[in-house]
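# Examination of the molecular architecture
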Amino acid sequence: MMKKALAMLVVMTMGFSALTACGSNKAADNSTTDTTESKAANDNAEKEEDVKESDSASGSDETIALFMTHMSNEFTITLSGAVEAEVEARGYKYSVYDAGQDVATQVDQIEQAITLGVKGIIIEPVSVDGVVPAVRAAKEEGVAVVIVNQKISDPSAADCYVGADAATTGEILMKKAAEDIGGKGNVAFLLGPMGSDGQVGRSEGFENVLKDYPDINVVFQDTAEWQTEPALTITENWLNSGKEIDAIVSQNDGMAVGAAKAVADAKLDDRVKVYGIDATSEGLQAVLDGKLAATVSQGTEDQGKLSADACADLLEGIEVKAETIVDNVTYTKDNAQEALDAIKK
Amino acid sequence: MKNKNENKKKILNYREFGIFIAFFTLVIVLMIISPNAFAKPRNLINILKQASVNGILSCGMMFVIISGGIDLSAGSTIALSGVVAALCAQIQGLPVIVAVLAALAVGAAVGAVNGFGVAYAGLPPFIITLATMTGIRGLALIVSGGSPVYGLAKSFENLTNQFILGIPILAIYFIVIVLISGFVLTKTVFGRRVYAIGGNEATARVTGINVKRMKLTVYTLCGLTAGVAGLLVASRTVQGSPTAGDGYEMDAIAAVVIGGISMSGGSGKWYGTIIGALLLAVISNGLDILGVSSNYQKIIKGVIIAVAVYLDLRGKARQE
C-alpha cells in the first residue's frame, strides 16, 4: 500500500513538473528578452499543438510559416530563431511547424498551412524528394516557397533556395586540417548517419581535398550517428589500435567533442588534433579550451535570416536570386570567443 | 518429476555453454588477428570500460525480462537523467552527490511510472514503455533546451575519470552492480519471486506473491540502472545530451537475449547477461580496431541475436 501511494506521488510529481515546464516557457514567450534557447524549449513544449503563432509589431495579416525537420538540436533551434526574428522584423506573422523528422508529417503540415491561407512558406525539407509534390501544390496556390538548408531534388519547383553547401563545408574543414598537420600524416573521419545528405556532402568535400594531398592517409572512418558517446567509444578503440593518428576530422561538433575527450583521456591531446563542423556553442567553447583545433560554421544565423528575407521579398514582389549560398566561417582560438558571445546573447 | 528438472537444467547449461564458447572463440580469434592492438592489456581493460554502461543497463533489463516484461524507455531515461545530472553539475559549488542523487531519482521515477502502468493500470509493458520512451525523450529536450548541457564541474567528470589499481572506475561500478544483481537474483526471496512471476504469473499469485508490487519494484530497479547509466554517460562525455542513449535499450535487450535469458520470462542466468554485454563490447572494439565499418558490425550483431533466440526456442521445444 505504501509503495502504491509512493508510485502515485511520483507520477503526479512528474506530471506536474512537465506542466510547469510548459507554463514557464509560455510566459517567457511574451517577454522581449527571451533567448534563442528558451524559445526553442517553448517550441518543443508546444510540439503537440504543432503550430505557434505570434503577433507581429506592424500587425500585418500575412503569415510566413516555417517548416522544420525537427527542433531538437542547436542547429535547428538557431535557424528557426533567426527566421522568427527576421520574419517579425519584416512585419509578418510567424508560425513554425515541427515535422519530427517525418516526411509524411511535413507534407501534411504544408498542406494544412496552405488551407489556412498562409502566403509564404520556408521549408527545411525532411526528404529531398518527398516534399517536392507539396512544394508544387503550394506554388499552384500562389504561395511563395523558399527552401532552406537542404536542396530539394527539383529546385525549380520552389522559388528559391538558401543554404550552405555541405561539400564546400567539408572542403574548408579538411583543407584546414590538412594544412595544420603539414600536408602529410594519418587522419580519421567521424561521419554522420551513413547516407544522410550531410554525411554524403561533407564526405565528398573531404575526398575532394584529399586528392591534393597524396601523403595524407585515411586510416579510419566510421559513423557515430552525430552522437557524442558513440564517437568517444570509437575514438578510444582507434587510439588503441596502435596506428598513429594526426588528426580526427568529425562531421559535427557533437562527435568532435566526444573524440576530443577520448584523446584527452589517452593523454594524446598534444599529438592528435580534432576538428568539427557547425560551430555550436559547445563546439566553440571546446575550441577556446583547446580541445578542438577548429570548427566550421554553416552560417546558420545567415541561413535563417536570408531565407526569411527572401520569402518577404517574394511577397512584396521583389526579385530574388534562385540560389543563395551562405558563407562558411572557420573558427579557431582567435575568433571563437566572438561567435560564442553572439550565440549566448 | 526429478528427471524432468534435470533435463531442464541440462538444456540451460547447454545454452549458456554455447555463449561462453562463442565469446571465448571470438576473443581468441581477435587476439590472433590483432596481437599488437586488441590483445594488449590496455585494450582489454578498455573493453571492460566500454561494456560498463550497457552492462549496467543490462542488469536492470535482465530483471524486467526475467519477470516477463520489457523496458523500451531505458535509452530515453539515460538522456533525461544525464541532462538533469548535468544541470546540477553546472551549478558552481553544488556538491557532486546532488547530481548523482538527481540522476538516480529521475531514473527511479521513470521506472516507477513504467511499473505503475504495467502493474496497476494493466498496460502491456511494450506499450507503456513505448509511451514513456517517447515522452521522456521530449522531456529531456525541453529540460535541456534542445542542446547539450556542458561546462560541468571537474568533480562530476571525475566520477568516471579515475582508476583504482589500474582498473577504470567505470568498470568497477559495473562489477559491483553485476555482483549485487547476481546476488539478489539467486540468493534472495525477491530474486526467486522475479523468476516465479516470469515463469507463471497466475501460479505466482496463487502462492501468495504480491505480483503487482513485485512488478512495480522490478521496473523501478530497471529505471534506477538507466539513471546510473545516464549519470555515467553524462560524466564520461562531460555533457548532458538530450539525444544521448538513443537505441541503448536495444543493446541492453540484445545483451540479455544473447546471454540466454528467455524473452518470455522465467528463465536464464545472470552471468549470461554479463557475457552478452561483454560480447557486444568485444565485437565493437575488435572491429573498430580492425577498421571494419559499423555497418558490418550491425549485421554481425543481428546474426548473433537471431542465433541466440533460435537456441532459446530450440531449448524450449526440447523441454516440451
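Note that the structure is a prediction, hence the values are computed from the model and not measured. For every chain, the first residue of the written sequence is number 1, and numbering continues from 1 onward in sequence order. Chains and ligands are labelled sequentially in the order written, the chains with letters from A and the ligands with numbers from 1. Where local features are concerned, this predicted model is filtered to residues with pLDDT of at least 70; where side-chain atom pairs are given and counted, the filter is 80 or more; whole-chain, interface and lining totals use all residues.

## Concerning the overall build of chain A
Secondary structure summary: chain A contains 12 helices and 13 strands in total. Put simply, chain A has 345 residues, and 53% of those count as buried. The contact criterion used is a C-beta to C-beta distance within 7 Å, with each C-beta placed from the backbone. Put simply, 73% of the contacts in chain A that link residues at least 6 apart link residues at least 24 apart. Here a strand is any run of E in DSSP of at least two residues, a helix any run of H or I of at least four, and the numbering for each starts at the N terminus. The burial criterion counts other C-beta atoms lying within 10 Å of a residue's C-beta, which is placed from the backbone; the residue is buried at 20 or more, exposed at 12 or fewer, and partly exposed between these limits.

## Some points on the confidence of the model for chain A
Confidence in the prediction for chain A averages 83 pLDDT; 82% of positions are at 70 or higher. Per-residue confidence from the predictor is reported as pLDDT, which spans 0 to 100. Scored below 50 in pLDDT, residues 12-59 of chain A shows 63 contacts in the model against residues more than four places distant or in partner chains.

## Quick word on the interface of chain B and chain A
How big an interface is tends to be reported as the loss of accessible area on association of its parts. On the side of chain A, 43 residues touch chain B, which itself brings 43 residues to the contact. Of all the secondary structure elements, the ones that give two or more residues to the side of chain B that touches chain A are helix H2 (41-66), helix H4 (96-119), helix H5 (125-144), helix H10 (211-237), helix H12 (270-289) and helix H13 (294-319) of chain B. Charged means Asp, Glu, Lys or Arg here, nonpolar means Ala, Val, Leu, Ile, Met, Phe, Trp, Tyr, Cys or Pro, and polar covers whatever is left, Gly included. Of the residues belonging to the side of chain B that touches chain A, the class tally is 18 nonpolar, 20 polar and 5 charged.

## Details of the environment of Gln-303 of chain A
All names here are of chain A. Within the secondary structure layout, Gln-303 lies in helix H11 (residues 300-315). Its 24 C-beta neighbours within 10 Å are what place Gln-303 among the buried residues. Separated by 225 residues in the primary sequence, Gln-303 and Thr-78 have C-alpha atoms spaced 9.8 Å apart. For Gln-303, the contacting residues outside a window of four places in its chain are Leu-79, Val-148, Asn-149, Val-162, Gly-163, Ala-164 and Val-326.

## Looking at helix H10 (residues 281-288) of chain A
Residue and element names in this part refer to chain A. With 7 of its 8 residues buried, H10 lies for the most part within the structure. When we look at burial in H10, the residues that qualify are Ser-281, Glu-282, Gly-283, Leu-284, Gln-285, Ala-286 and Val-287. Where H10 is buried, its residues touch helix H3 (74-89), helix H9 (253-265), strand S10 (273-277), strand S11 (294-297), strand S13 (329-331) and helix H12 (336-344). A positive backbone phi angle near 80° is found at Gly-290, which sits one or two residues after H10.

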